[in-house]
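# An overview of the molecular structure
Okay, here's what each chain looks like letter by letter:
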Amino acid sequence: MVSWVLTTSLASAQPPAEKPVSAAQAELERAPLTITGKDGTKHVFSVELAKTPRQQEVGEMFRTTLPADRGMLFLWAQPQNTEMWMRNTLVPLDIVFIDEQGRVQAIAENAVPRSDAHVGGHGDAAATLELQGGVTEKLGIVVGDQVASPALPSHGH
């Protein structure tokens, strides 16, 4: 995804660009991530880890594909009300907001490529996951499903 906006009761800030983003970033460090449904069905993904403000700002910008078994996990320093946008993002994405207990808190399906509209997670998220647009519906991933990954230290079950 393109960028993130931290929204709190005290401030609304967007990280300053070190330089304008004009190309996709190199592939980031990866980790496995599993989403388990209420019926026990497991969906396994290999996700890139967007840890730094710059990695989070660039996100999925300018990439032309995202395989169904891949994604990008945005790891926040602390749970926060996070909004994402799709500026310079060329493919539709499902944006999955993950709470502190490692559960799917909200899903924004098929976020529109190149849109500046803010997509929010309806509360504080510990992490945000971007997947190929439409994959959550196709796999039956819903709010309340459990998310586990070694990249999620506080809830990496």
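One numbering rule holds for all chains: residues counted from 1, following each sequence as written. With pLDDT at 70 or above as the cut-off, local features in this predicted model cover only qualifying residues; side-chain atom pairs require 80 or more to be listed or tallied, and sums for whole chains, interfaces and linings still use all residues. Only hydrogens and water are removed before side-chain values are computed, so all heavy atoms of the structure are retained for them.

## Quick look at the pattern of salt bridges
Salt bridges are counted wherever a side-chain nitrogen of Lys or Arg sits within 4 Å of a carboxyl oxygen of Asp or Glu. Here the structure, examined in full by the defined rule, presents 9 salt bridges. For the salt bridge of Lys38 with Asp145, the shortest nitrogen-to-oxygen distance reads 3.9 Å. Here the residue Lys38 occupies a position in the loop between β3 (30–36) and β4 (42–50), and Asp145 occupies one in the loop between α2 (135–139) and β9 (146–148), the gap between them amounting to 107 residues. Exposure classes here rest on a 1.4 Å probe applied to the protein chains alone. A residue is buried below 20% of its type maximum, exposed above 50%, and partly exposed in between. Here Lys38 falls in the exposed class, since its relative accessible area comes to 65%. Secondary structure elements are defined from DSSP: runs of H or I of at least 4 residues count as helices, runs of E of at least 2 residues count as strands, and each element is numbered from the N terminus.

## A short note on the environment of Ala126
Within the fold, Ala126 resides in strand β8 (residues 119–132). Under the relative-accessibility criterion, Ala126 is labelled buried at 13%.

## Let's talk about the nonpolar core
Here, nonpolar core refers to any group of buried Ala, Val, Leu, Ile, Met, Phe, Trp, Tyr and Cys residues whose side-chain atoms link them within 4.5 Å. Membership of the largest hydrophobic core comes to 19 residues, with the highest contact counts inside it found for Leu33, Leu73 and Leu129. Mapped onto this core, the elements with two or more residues apiece are β3, β4, β5 (70–85), β6 (93–98) and β8. Two residues qualify as a contact provided that any one of their heavy atoms is within 4.5 Å of a heavy atom in the partner residue. Once residues lying within four places of it in the same chain are set aside, the contact partners of Leu73 are Leu33, Val47, Glu48, Leu49, Ala50, Ile98, Ala127, Thr128, Leu129, Ala151 and Leu152. Of all hydrophobic cores here, the second largest spans 17 residues; its members include Trp76, Met86, Phe97 and Val119.

## Points about the confidence of the model for the protein chain
Interpreting fine coordinate detail is not advised for predicted regions of low pLDDT. pLDDT measures how confident the predictor is about each residue, on a scale from 0 to 100. When pLDDT is averaged across the protein chain, the result is 86; 85% of the residues are at 70 or more. Ignoring residues within four places in sequence, the model shows residues 1–17, a span with pLDDT below 50, making 59 contacts including any to other chains.

## Regarding the pairing of β4
Strands pair, by our definition, only if DSSP identifies at least two bridges between them. By the bridge criterion, 7 bridges tie β3 to β4 in an arrangement that is antiparallel. In the sheet register, Arg30 faces β4, and the bridge partner there is Glu48. Counting the residues between successive antiparallel strands, the hairpin from β3 to β4 contains 5 residues, one of them, Gly40, with a positive phi of roughly 90 degrees. Summarising the sheet, β4 and β5 pair through 5 bridges and their orientation is parallel. Within β5, the residue paired with Leu49 across the bridge is Leu73.

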